[in-house]
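# Architecture and fold: a report
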Amino acid sequence: MSVASIRTNNLKSVPTTDLAVARKVLRALVPAETGIDNAIVAQTDLISSIVRGRMEMGASIQVGHDAAMLAADSLHRLFEVREQTIQCHRRLVVARDALGLDGSDLGCEKECL
């Protein structure tokens, strides 16, 4: 996203500092959300590897069970973090709206902040 490509025609009443701060928040929010989703994908890959590895070895179902359970618990916690991040995003949208900004002002190509 280039600063030059951002529409600003409806921002005459918005102080430049507010817009700059909002854009900084967006630049931090998107990687945070992506990082959480990447962690969820990695954790599911780990769980799958543990279970498939046991099966490929022909080992008892007890082998790696504790590790798989811990990984599954971690996955659950990652989804809790994801839910909290969604709530954070929604509250930032309220703050954005209170400032009179919209997503296109911040450089969003689709629904974001």
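This report concerns the structure included in the present document. Keep in mind that what you see is a predicted model, and the values were worked out from it rather than measured.

## Details of the overall build of the protein
The helix and strand inventory of the protein stands at three helices and zero strands. Going residue by residue from the N terminus, the α and β elements of the protein occur as α-α-α. Here the protein holds 113 residues, and the buried ones make up 27% of them. Taking all contacts inside the protein whose residues are at least 6 apart in sequence as the whole, residues at least 24 apart take part in 70%. Carbon and sulfur atoms form 59% of the exposed surface of the protein, whose accessible area is close to 7,800 Å².

## Notes on the nonpolar core
With six residues, the main nonpolar core is built from Ile36, Ile40, Ile47, Ala71, Leu75 and Leu78. Broken down by secondary-structure element, the contributors of at least two residues to this core are helix H1 (16-57) and helix H2 (65-98). In contact with isoleucine 36, other than residues within four places in its own chain, are Leu78, Val81, Arg82 and Thr85.

## Notes on the pattern of salt bridges
In total, this model carries three salt bridges according to the counting rule given. Salt-bridge contacts for arginine 77 lead to aspartate 73; the nearest nitrogen and oxygen are separated by 2.9 Å. Of this pair, arginine 77 and aspartate 73 both sit in helix H2, four residues apart, roughly one helical turn. Here aspartate 97 and arginine 96 are joined by a salt bridge, their closest N and O atoms 2.8 Å apart. Judged by its relative accessible area of 11%, arginine 96 is buried.

## Structural notes on the side chain of arginine 54
Its place among the elements puts arginine 54 in helix H1. Among buried Asp, Glu, Lys and Arg side chains, arginine 54 stands out as unpaired, with glutamate 56 the closest opposite charge at 11 Å. Sequence-distant contacts of arginine 54, defined by excluding residues within four places in its chain, comprise Ala59, Ser60, Ile61 and Val63.

About the thresholds
- Residues numbered from 1 in each chain as written.
- Predicted model: local features only at pLDDT ≥ 70, side-chain atom pairs only at ≥ 80, totals over all residues.
- Heavy atoms only, no water.
- Helix = DSSP H or I, 4+ residues; strand = E, 2+ residues; numbered from the N terminus.
- Buried < 20%, exposed > 50% of the residue type's maximum accessible area, 1.4 Å probe, protein only.
- Contact = heavy atoms within 4.5 Å.
- Areas by Shrake-Rupley, 256 points an atom, 1.4 Å probe, with all protein chains shown as cover.
- Core = buried A, V, L, I, M, F, W, Y, C linked by side-chain atoms within 4.5 Å.
- Salt bridge = Lys/Arg side-chain N within 4 Å of Asp/Glu carboxyl O.
- Lys, Arg positive; Asp, Glu negative; His and termini not counted.

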